[in-house]
Amino acid sequence: MTLEARWQRLWTELGLPAPAGLLPALLQAYSEPQRHYHTLQHLDECFAHFDAVKQLAEHPLEVELALWFHDSVYDVHARDNEVQSAAWADRALLDAGLPNDACARIHVLIMATCHDALPASNDARLLTDIDLAILGAAPARFAEYEVQIRREYAHVPPALFTARRSEILQAFLERTPLFQAPACRDRFEAAARRNLAGAIAAR
């Protein structure tokens, strides 16, 4: 399914008209030149993983909307990308007619992709696991991901990047478990640990 078709289906299922201009704005955002991993490829991969577990979500349409917006703002020099992404979702979805409580839940879901705390709800567990599924990708895709992340941070000196990236990967490796939803843990945990250990050892 194309992203355009997915977007139209989502708004049909929400029972609301698709907001004029919002899809082109999101597609343009994910196509910005500073992006190499946080792109339409990442969005496509997230939706593929979501489709495999969407039946487990309490509010699947809200999880899908959160996926659309979770990296909608991505400035490699900023520390508040999730905050800004959630703010864009708040404005756009309220304007589109979503109820306040749904918008509030979507805001929380997007903020969960900071990955700085254990997700508090079933839907947040699914969303954060989907966002981290790249860690459990096939070795070739994981290697490509590592190259893409380095390209996004090409402005960071090599020694500093290596040290900081090793810290990030080690922090993920030390999480027990790494994936919070059982279905995602079964699918990604073992491969992610192999990928992470190999990437750390190679530095």
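Here, the structure is the one placed above.
What you see is a predicted model, and the numbers here were worked out from it, not measured in a lab.

(A) Representation of the overall build of the protein chain in the model. In terms of helices and strands, the protein chain carries 10 helices and 0 strands. Scanning the protein chain from its N terminus toward the C terminus, one meets helices and strands in the order α-α-α-α-α-α-α-α-α-α. A globule of 203 residues ought to have a C-alpha radius of gyration of about 17 Å, and the protein chain, at 17 Å, matches this closely. Once the C-alpha set of the protein chain is aligned to its principal axes, its extents read approximately 50 × 35 × 30 Å. A buried classification covers 46% of the 203 residues belonging to the protein chain. Considering only contacts within the protein chain whose residues lie at least 6 apart along the sequence, 65% involve residues at least 24 apart. Counting only carbon and sulfur atoms, one obtains 58% of the accessible surface of the protein chain, whose full area is about 9,700 Å².

(B) Quick look at helix H5 (residues 81–95). The first and last C-alpha atoms of H5 sit 21 Å apart over 15 residues, in line with the 21 Å expected at 1.5 Å per residue. All buried positions along H5 are accounted for by Asn-81, Ser-85, Ala-86, Trp-88, Ala-89, Ala-92 and Leu-93. Considered in projection along H5, the buried side chains sweep an arc of 160° and stay on one side of the axis. More than 90 degrees from the buried face of H5, the exposed residues found are Arg-91 and Asp-95. On its buried side, H5 packs onto helix H1 (3–14), helix H2 (22–29), helix H4 (60–69) and helix H6 (100–112). Following H5 by one or two positions, Gly-97 has its phi on the positive side, about 105°.

(C) Here's a closer look at unusual backbone geometry. Cis geometry is found at the peptide bond from Thr-176 to Pro-177, where omega equals -5°. Relative to the assigned elements, Pro-177 resides in the loop between helix H9 (158–173) and helix H10 (182–201). The backbone phi angle of His-115 is positive, close to 60°, even though this residue is not glycine. Inspection of the secondary structure puts His-115 in the loop between H6 and helix H7 (122–132).

(D) Here's a closer look at the layout of surface pockets. The volume enclosed by the largest pocket comes to roughly 1,200 Å³. As for the largest pocket, its lining consists of 35 residues, and the residues nearest its centre are Tyr-74, Glu-82, Tyr-153, Arg-164 and Ile-168. Counting residues per element, the ones that place at least two in the lining of the largest pocket are H5, H7, helix H8 (139–152) and H9. Broken down by element, the residue count for the lining of the largest pocket peaks at 8 residues, all from H9. Residues that form the lining of the largest pocket fall into these classes: 18 nonpolar, 8 polar and 9 charged.

(E) Representation of the nonpolar core in the model. Counting residues in each nonpolar core, the largest one holds 60 residues, and the members touching the most others are Trp-68, Phe-69, Leu-93, Leu-98, Leu-135 and Leu-178. Each residue touching Leu-178, except ones within four places of it in the same chain, is listed here: Asp-129, Leu-132, Leu-135, Phe-172, Glu-189, Ala-192, Arg-193 and Leu-196.

(F) Structural detail: the pattern of salt bridges. Following the criterion strictly, the structure yields 12 salt bridges and no others. Across the pair Glu-64 and Arg-6 runs a salt bridge whose closest N-O atoms are separated by 3.0 Å. Placement of the pair is Glu-64 in helix H4 and Arg-6 in helix H1, with a sequence separation of 58 residues. Looking at Arg-6, the relative accessible area reads 5%, which means it is buried. Notably, a salt bridge pairs Glu-32 with Arg-35, separated by 3.2 Å at the nearest N-O pair. One salt-bridge network, held together by shared partners, links Arg-6, Asp-51 and Glu-64.

(G) Spotlight on the packing of aromatic side chains. Taken as a whole and judged by the stated rule, the model has 7 aromatic pairs. Taking the centre distance of 5.1 Å and the plane angle of 55° together, the rings of Phe-47 and Trp-68 count as tilted. Highlighted residues: Phe-47 in helix H3 (residues 40–53) and Trp-68 in helix H4, separated in sequence by 21 residues. Here the two residues Phe-47 and Trp-68 agree in accessibility, since each one is buried. The rings of Trp-7, Trp-11, Phe-47 and Trp-68 are connected pair by pair, giving a single aromatic cluster.

Conventions adopted
Throughout, residues of each chain are indexed from 1 in the direction in which the sequence is written. pLDDT decides what is reported in this predicted model: residues at 70 or higher carry local features, side-chain atom pairs at 80 or more are listed and counted, and totals for whole chains, interfaces and linings draw on all residues regardless. To obtain the side-chain values, all non-hydrogen atoms of the structure were used and water was disregarded. Labels follow the DSSP assignment, with helices taken as runs of H or I lasting at least four residues and strands as runs of E lasting at least two, numbered in each case from the N terminus. Our radius of gyration is a C-alpha quantity, and the globule rule it is checked against amounts to 2.2 Å times the number of residues to the power 0.38. With a 1.4 Å probe rolled over the protein chains alone, any residue whose accessible area is under 20% of its type maximum counts as buried; one over 50% counts as exposed, and the rest are partly exposed. Every residue pair with non-hydrogen atoms within 4.5 Å of one another is taken to be in contact. Computed by Shrake-Rupley with a 1.4 Å probe, the accessible areas treat only the displayed protein chains as cover when residues are assessed. A helix is expected to span 1.5 Å for every residue after the first. Each direction from the helix axis to a C-beta atom contributes to the arc, which is the arc of those directions. Of the grid points, spaced at 1 Å and generated over the protein atoms alone, those admitting a 1.4 Å probe that cannot get out make up cavities, while open sets with protein on both sides within 12 Å along at least five of seven lines make up pockets; any residue with an atom within 4 Å of a point is treated as lining. Grid points are joined across faces, edges and corners, and a volume is the space filled by probe spheres set on the points. Residues are sorted three ways: Asp, Glu, Lys and Arg are charged, Ala, Val, Leu, Ile, Met, Phe, Trp, Tyr, Cys and Pro are nonpolar, and all the rest, Gly among them, are polar. Among buried residues, the Ala, Val, Leu, Ile, Met, Phe, Trp, Tyr and Cys ones that are joined through side-chain atoms within 4.5 Å form a nonpolar core. The term salt bridge refers to a pairing of a side-chain nitrogen on Lys or Arg with a carboxyl oxygen on Asp or Glu at a separation within 4 Å. Geometry of aromatic contacts follows a simple scheme: Phe, Tyr and Trp rings, the Trp one being its six-membered ring, pair when their centres are within 6.5 Å, and the pair is stacked under 30 degrees between planes, edge-to-face over 60, tilted otherwise.

In short, shape yes, function no, at least from these values alone.
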